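# Summary of structural features
Chain by chain, the residues:
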Amino acid sequence: MGRESGASEIEIKVQGLQGDNDLNPAVSPFPASQPPGCRGLPPPEHRPFRRWTPWLVPAFVLANLVVFAVIMYENDCPKTYMGDCVAVFLGRFAFQPLKENPLFGPSSSTLEKMGALDVRKVVHEHQGWRLISCIWLHAGVIHVLANMLSLLLIGIRLEQEFGFARIGLLYAISGFGGSLMSALFIKSSISVGASGALFGLLGGMLSELLTNWTIYTNKCAALFTLVLIIAINLAVGVLPHVDNFAHIGGFVSGFLLGFVLLIRPHFGWVAQKNVPPGYLATPVKHKHKLYQYILWIIAAILLIVGFTIGILMLFRGVNANDYCSWCHYLSCVPTSIRSCSSSTISCLSSQEGNSLNLMCGGNRRARSYLLPNATEAQIEELCSQLCS
């Protein structure tokens, strides 16, 4: 029903920079020449990279929670749904029935109204803003709390290391990339959630580790841990009702952005610029290594070309599944009890006074609802429930 985030239980434990942003004496290029009277003493502590105070990530978390509260207020289950709402003591903040939304949240029609990703509206009604707005919406309490916990665990450390500007861009652009890929492959349902942006942060962490390889200790352990976490969470994306295309699109976008936004000077340059008084360092001419420049250029080109092609395909109504017959398995693995094929839901409806009569065209179920002057959105919502 949305991006029930595969990133909901991510905890990143990557080894920090050498000495947690300190120059490591074991590999320092300058401790050999100490001033008289200082021989045998450890070199002074230095912090070559600025440590930022994180505020943007907590602001993102607060914004997501506020938006979810607004959605629940707008949903107003006791008034708009003729059935058993969950936690009715919450008043208009009560949740939809669990058979409709097991994540304790609003109806899909409310999410669509508030800006969920709906490909038909993006393409045919020129509502491209939904590619961004859906990142800030969540399908339920479980969904929003899981994503926000993941955002705090991942984002705080990244913002401390790289600052709010770069991490804000990484988060937003990765979220857009996830929405774009989701829209190209998933045409029959709406999608919401910050999972694409979260996977973008993971992708950025991986590329940052690779491009800044020289300043890390325990490189292989950090790389193995991060790759394992990413693989597990992508595997979770094949579960029902999880939009793994948003995860993959966000991850690829973040991975490429990491080479562009999170590049740092190599260790020799950092050491040279932070030599304590009385110490000598080997002169280093270039701030970055050649491979860092090459990765930066390649990643920037792939990002521009990829987003351009994706946007053109989307607004021309292209279904990416037509060009990749196996790609749907990336988001859904069929089993003996579940099929990955999508089917069109339709109902026959008739309004008789205060009663709305519906019959599902698929399973032929019929039901009457006490609902005078039913709107199109309400009919679609009830039809979805009746046919599920």
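Residues numbered from 1 in each chain as written. Predicted model: local features only at pLDDT ≥ 70, side-chain atom pairs only at ≥ 80, totals over all residues. Heavy atoms only, no water.

- Looking at an unreviewed UniProt entry, one finds the chain named RHOMBOID-like protein and attributed to Musa acuminata subsp. malaccensis.
- On record in UniProt, under Subcellular location (unreviewed entry), the comment for the chain is "Membrane".
- Its UniProt record, at the heading Function (unreviewed entry), says of the chain: "Serine protease involved in intramembrane proteolysis." (UniProt positions renumbered as here; feature names shortened; annotations may be inferred.)

## A look at the overall build of the chain
- Regarding its fold elements, the chain presents 13 helices and three strands.
- Taking all 388 residues of the chain together, 47% fall into the buried category.
- Put simply, the chain shows about 19,100 Å² of open surface, and 65% of that area lies on carbon and sulfur atoms. (Helix = DSSP H or I, 4+ residues; strand = E, 2+ residues; numbered from the N terminus. Buried < 20%, exposed > 50% of the residue type's maximum accessible area, 1.4 Å probe, protein only. Areas by Shrake-Rupley, 256 points an atom, 1.4 Å probe, with all protein chains shown as cover.)

## What to know about the packing of helix H8 (residues 195-211) against helix H10 (residues 244-261)
- Contact geometry of H8 with H10 gives a least axis separation of 6 Å together with a crossing angle of 35°. Between H8 and H10 the crossing geometry is right-handed. Residue-level inspection shows Ser195, Gly196, Phe199, Gly200, Leu202, Gly203, Gly204, Leu206, Ser207, Leu210 and Thr211 of H8 in contact with H10, the latter providing Ala246, His247, Gly250, Phe251, Gly254, Phe255, Gly258 and Phe259.
- The residue makeup of the contact of H8 with H10, split by class, is eight nonpolar, eleven polar and no charged. (Axes fitted to C-alpha atoms, helices over the stretch in contact; angles between N-to-C directions. Left-handed = near helix turned anticlockwise from the far one by under 90°. Contact = heavy atoms within 4.5 Å. Nonpolar A, V, L, I, M, F, W, Y, C, P; charged D, E, K, R; others polar.)

## Some words on the environment of Leu131
- Take Leu131: it is sitting in helix H5 (residues 130-133).
- Under the relative-accessibility criterion, Leu131 is labelled buried at 3%.
- Residues Leu131 and Gly178, spaced 47 residues apart in sequence, show a C-alpha to C-alpha distance of 8.8 Å.
- Apart from residues lying up to four places away in sequence, Leu131 is in contact with Leu117, Gly175, Phe176, Ser179, Leu180, Ala183 and Leu314.

## Regarding the nonpolar core
- In this structure, Leu151, Leu158, Ile167, Leu170, Tyr171, Leu201 and Leu314 are the most contacted members of the largest nonpolar core, which totals 56 residues.
- Broken down by element, this core gets its largest block of residues, eight residues, from helix H7 (residues 164-185). (Core = buried A, V, L, I, M, F, W, Y, C linked by side-chain atoms within 4.5 Å.)

## Here we look at the state of the cysteines
- Inspection of every chain in the model, using the stated rule, returns two disulfides.
- What pairs with Cys77 in a disulfide is Cys85, and their sulfur atoms sit 2.0 Å apart. Measuring handedness by torsion sign, the sulfur bridge of Cys77 and Cys85 sits at about -90° and is left-handed.
- Each sulfur in the disulfide pair Cys324 and Cys327 lies 1.8 Å from the other. Between Cys324 and Cys327 the disulfide shows an S-S torsion of about 80°. By sign, it is right-handed. Across the pair, Cys327 and Cys324 agree in class, each one buried. (Disulfide = S-S within 2.5 Å.)

## Observations regarding unusual backbone geometry
- Within the chain, Phe104 stands out as a residue other than glycine whose phi angle is a positive 60°.
- Along the chain, Phe104 turns up in the loop between helix H2 (77-80) and helix H3 (108-114).
- Positive phi is not limited to glycine here, since His126 has a value of about 55°.
- Among the secondary structure elements, His126 is positioned in the loop between helix H4 (119-124) and H5.

## A short note on the packing of aromatic side chains
- Applying the stated criterion across every chain yields a total of eleven aromatic pairs.
- Judged by centre distance (5.1 Å) and plane angle (45°), the rings of Trp55 and Phe164 are tilted. Of this pair, Trp55 sits in the segment before helix H1 (56-75) while Phe164 sits in helix H7; the two residues are 109 residues apart in sequence, bridging distant segments of the chain.
- Overall, Trp55 belongs to the partly exposed group, its relative accessible area being 46%. (Phe/Tyr/Trp six-rings, centres within 6.5 Å; stacked < 30°, edge-to-face > 60°.)

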